[in-house]
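Observations on the three-dimensional arrangement
Listed below, chain by chain, are the residues.
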Amino acid sequence: MQRPNAAQYAYGSAVVVLATAALLLLTGATGPLGIAAACLAGLLLGVLVAVTMPGGTRPVKSPAGSGAGAGNDAVRVPAAQVGAGADTRTGP
């Protein structure tokens, strides 16, 4: 199993907090058993969201025909850098 990325942590944490708050408000639980059940349900829902969220490890697709082939690397030459310093002056 891969390590979760930052988005999975963020969405999972947000779901835990929001689901727990919503469950506590909707059920009106005041006893320790009801609060614990709402917290557990929120935690399970947050873990479910984080686990089922797609990971960001897909390869990037590029359009066919564009992009450098293996033989194009030898043709590329970096552009000359032109400065505006003392080397470009023509007069005294």
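Residues numbered from 1 in each chain as written. Predicted model: local features only at pLDDT ≥ 70, side-chain atom pairs only at ≥ 80, totals over all residues. Heavy atoms only, no water.

Scanning the chain from terminus to terminus reveals two helices and zero strands. The proportion of buried residues among the 92 residues of the chain is 10%. Within the chain, residue pairs in contact and separated by at least 24 positions form 63% of the contacts whose partners lie at least 6 positions apart. Here the chain has roughly 7,800 Å² of accessible surface; of this, 67% comes from carbon and sulfur atoms. (Helix = DSSP H or I, 4+ residues; strand = E, 2+ residues; numbered from the N terminus. Buried < 20%, exposed > 50% of the residue type's maximum accessible area, 1.4 Å probe, protein only. Contact = heavy atoms within 4.5 Å. Areas by Shrake-Rupley, 256 points an atom, 1.4 Å probe, with all protein chains shown as cover.)

Further remarks concern the side chain of Gln 8. Along the polypeptide, Gln 8 turns up in helix α1 (residues 6-27). Engagement of the side chain of Gln 8 in a polar contact is seen with the backbone oxygen of Met 53, the distance being 3.1 Å. Residues contacting Gln 8, with those up to four places away along its chain left out, are Arg 3, Ala 50, Met 53, Pro 54 and Gly 55. (Polar contact = N/O pair within 3.5 Å; in protein donor to acceptor, adjacent residues only side chain to side chain.)

When the terminal C-alpha atoms of α1 are compared, their 31 Å separation across 22 residues agrees well with the 32 Å that a helix rising 1.5 Å per residue should span. Listed as buried for α1 are Gln 8, Gly 12, Ala 19 and Thr 20. Projection of α1 onto a plane perpendicular to its axis shows the buried side chains occupying an angular sector of 100°, all on one side. Residues of α1 that are exposed and angled more than 90 degrees away from the buried face: Ala 6, Val 17, Leu 18 and Leu 25. Where α1 is buried, its residues meet α2 (32-52). (Expected span 1.5 Å × (residues − 1). Arc of directions from axis to C-beta.)

Turning our attention to the packing of α1 against α2. Across the interface, α1 lies against α2 with an axial gap of 8 Å and an inter-helix angle of 150°. Comparing the axis directions of α1 and α2 gives the class roughly antiparallel. For the element pair α1 and α2, the recorded crossing hand is right-handed. Mapping the contact onto sequence places Gln 8, Tyr 11, Gly 12, Val 15, Val 16, Ala 19, Thr 20, Leu 23 and Leu 24 in α1 and Ile 35, Ala 38, Cys 39, Ala 41, Gly 42, Leu 43, Leu 45, Gly 46, Val 49 and Ala 50 in α2. Taken together, the residues that form the contact of α1 with α2 break down as 14 nonpolar, five polar and no charged. (Axes fitted to C-alpha atoms, helices over the stretch in contact; angles between N-to-C directions. Parallel < 35°, antiparallel > 145°, perpendicular 65-115°, else oblique. Left-handed = near helix turned anticlockwise from the far one by under 90°. Nonpolar A, V, L, I, M, F, W, Y, C, P; charged D, E, K, R; others polar.)

Below, the discussion takes up the side chain of Thr 20. Among the structural elements, Thr 20 can be located in helix α1. Judged by its relative accessible area of 12%, Thr 20 is buried. A distance of 2.7 Å separates a polar atom in the side chain of Thr 20 from the backbone oxygen of Val 16. Ignoring any residue separated from it by four or fewer positions in sequence, one finds Thr 20 in contact with Val 15, Ala 38, Cys 39 and Gly 42.

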